[in-house]
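# Structural features, examined
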Amino acid sequence: QVQVVESGGGLVQPGGSLRLSCAASGSFFSINAMDWYRQAPGKQRELVATLSIAGTTNYADSVKGRFAISRDNAKNMVYLQMNNLTPEDTAVYYCRAIIRPTEREFSALYWGQGTQVTVSS
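In short, a report on the structure.

Cut-offs and rules
The numbering scheme is per chain: residues are counted from 1 as the chain's sequence reads. pLDDT decides what is reported in this predicted model: residues at 70 or higher carry local features, side-chain atom pairs at 80 or more are listed and counted, and totals for whole chains, interfaces and linings draw on all residues regardless. As a rule here, side-chain values cover all heavy atoms of the structure and leave hydrogens and water aside. When DSSP finds two or more bridges between a pair of strands, those strands are recorded as paired. Helix and strand labels come from DSSP, where a helix needs a run of H or I of at least four residues and a strand needs a run of E of at least two; each type is numbered from the N terminus. Centre distance within 6.5 Å is the pairing criterion for rings of Phe, Tyr and Trp, where only the six-membered ring of Trp is used; planes under 30 degrees apart are then read as stacked, over 60 as edge-to-face, and the remainder as tilted. Relative accessible area decides the class of each residue, using a 1.4 Å probe on protein chains only: under 20% of the type maximum gives buried, over 50% gives exposed, and in between gives partly exposed. Here a salt bridge means any side-chain nitrogen of Lys or Arg lying within 4 Å of a carboxyl oxygen belonging to Asp or Glu. When two cysteine sulfur atoms are found within 2.5 Å, that pair is recorded as a disulfide.

To continue, consider the pairing of strand 5 (residues 46-52). When a strand is regular, its side chains alternate between the sheet's two faces. One ladder, built from six bridges, connects strand 4 (residues 30-39) with strand 5; its direction is antiparallel. Counted as the bridge partner of arginine 38 is glutamate 46 from strand 5. In terms of strand pairing, strand 5 meets strand 6 (residues 57-59) through three bridges, oriented antiparallel. Considered in strand 6, the bridge of alanine 49 is made with tyrosine 59. Between strand 5 and strand 6, which pair antiparallel and follow one another directly, the connecting turn spans four residues, one of which, glycine 55, has a positive phi of 95 degrees.

And the structure:
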């Protein structure tokens, strides 16, 4: 069974940095992409950053130049380095993985449980 687990959230002051990690584990054929989303209180979940298997990245306009997504294929992990954080970045951050369970199956979406990031003085 595939599991996706985030870690690294916490409380940080404005202007500070955090690094989130996401690990995909279990039995599967391949990972096509691993992305980061976030959901602030009272708001819809939004895309933060994506990283395809080919290495193509995409960022929400609100985080461009401050956040960086990276991946360790050998460890089936993706990271989100967040710099110059602002209170508007406060949200639950979710990792989403597009995983092909077996060679004969289509890819499916797998979500982590989320990790809270709070930016406050």
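Our next topic: the packing of aromatic side chains. Taken as a whole and judged by the stated rule, the model has two aromatic pairs. With a centroid separation of 5.0 Å and 65 degrees between ring planes, the pair formed by tyrosine 37 and tryptophan 111 is classed as edge-to-face. Residue tyrosine 37 is found in strand 4, and its partner tryptophan 111 is found in strand 10 (residues 108-111); the two are separated by 74 residues along the sequence. With relative accessibility at 15%, the residue tyrosine 37 sits in the buried group. Judged by its relative accessible area of 35%, tryptophan 111 is partly exposed. Ring geometry for tyrosine 94 against tryptophan 111: centres 6.5 Å apart, planes inclined by 80 degrees, an arrangement best described as edge-to-face. Highlighted residues: tyrosine 94 in strand 9 (residues 91-100) and tryptophan 111 in strand 10, separated in sequence by 17 residues.

One pass over the full model with this rule turns up five salt bridges. When the shortest N-O distance is used, the salt bridge between aspartate 89 and arginine 66 registers 2.8 Å. Of this pair, aspartate 89 sits in the loop between strand 8 (77-82) and strand 9 while arginine 66 is found in the loop between strand 6 and strand 7 (67-72), placing the two residues 23 residues apart along the sequence.

This part covers the state of the cysteines. Under the definition given, this model contains one disulfide. Between the sulfur atoms of cysteine 22 and its disulfide mate cysteine 95 the distance is 2.1 Å. Given an S-S torsion of about -80 degrees, the disulfide between cysteine 22 and cysteine 95 has left-handed geometry. Of this pair, cysteine 22 sits in strand 3 (residues 18-25) while cysteine 95 sits in strand 9, placing them 73 residues apart in sequence. There is no split in this pair, since cysteine 22 and cysteine 95 are both buried.

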